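Residue-level listing of the chains:
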Amino acid sequence: MISKIIFAVSIISGAGILWILNFTTPSSVGPLGVLGLFILAYIVFAQIIVFLLYGSSRIFSLVKTTFAKESVSPKKEHSLMFYYKYSLALSMAPLVIIAQQSVGSVGVFELILILIIEIIACVYISKR
């Protein structure tokens, strides 16, 4: 049930992004509108990353059980909330790249720093 609610919120967020991009300008919408755009983009990126993480995990487990030569007791499947924890940390990276691009250029050094921060965030989530 919670996955359907989150999916609906991400669809509404995507529609909100399209509305903001088509019917407003940054100067007319103001700072709160730009903040709203970033919040909506964060929600959409989080949903996309959850879909990729959960889907790849399901595909990997299906392939593993199909090609297993011996009967292996199945490991405990992670819940959807497990993947949401990681996706909420990972979905910040595209927003940081967009923000960095708006104030300057994005180079290799900046991408390495973002990657290090994302790795630290994922390690922190896995230890909790």
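Anything mentioned here points back to the structure above.
Residues numbered from 1 in each chain as written. Predicted model: local features only at pLDDT ≥ 70, side-chain atom pairs only at ≥ 80, totals over all residues. Heavy atoms only, no water.

**Details of the side chain of glutamine 47**
- Structurally, glutamine 47 can be placed in helix α2 (residues 26–66).
- If we ignore the near neighbours within four places in the chain, the residues touching glutamine 47 are Ile6, Phe7, Ser10 and Tyr84. (Helix = DSSP H or I, 4+ residues; strand = E, 2+ residues; numbered from the N terminus. Contact = heavy atoms within 4.5 Å.)

**Brief notes about the packing of aromatic side chains**
- Applying the stated criterion to the full structure yields four aromatic pairs.
- Where tryptophan 19 meets phenylalanine 23, the ring centres are 6.3 Å apart and the plane angle is 45°; that geometry is what we call tilted. A residue pair is termed a helical-turn pair when its members lie 3 or 4 positions apart in one helix, as tryptophan 19 and phenylalanine 23 do in helix α1 (residues 2–23) at four residues.
- Using a relative accessible area of 62% as the deciding quantity, one classes phenylalanine 23 as exposed.
- Look at tyrosine 54 and tyrosine 83: their rings are 5.6 Å apart centre to centre, the planes differ by 75°, and that puts the pair in the edge-to-face class. Here the residue tyrosine 54 occupies a position in helix α2, and tyrosine 83 occupies one in helix α3 (residues 80–90), the gap between them amounting to 29 residues.
- A relative accessible area of 31% places tyrosine 54 in the partly exposed class.
- On the basis of relative accessible area, tyrosine 83 is assigned to the buried category, the value being 8%.
- Taken together, the ring pairs in this structure connect Tyr54, Phe82, Tyr83 and Tyr86 into an aromatic cluster. (Phe/Tyr/Trp six-rings, centres within 6.5 Å; stacked < 30°, edge-to-face > 60°. Buried < 20%, exposed > 50% of the residue type's maximum accessible area, 1.4 Å probe, protein only.)

Honestly, that's just the spatial picture; any functional story needs more than this.
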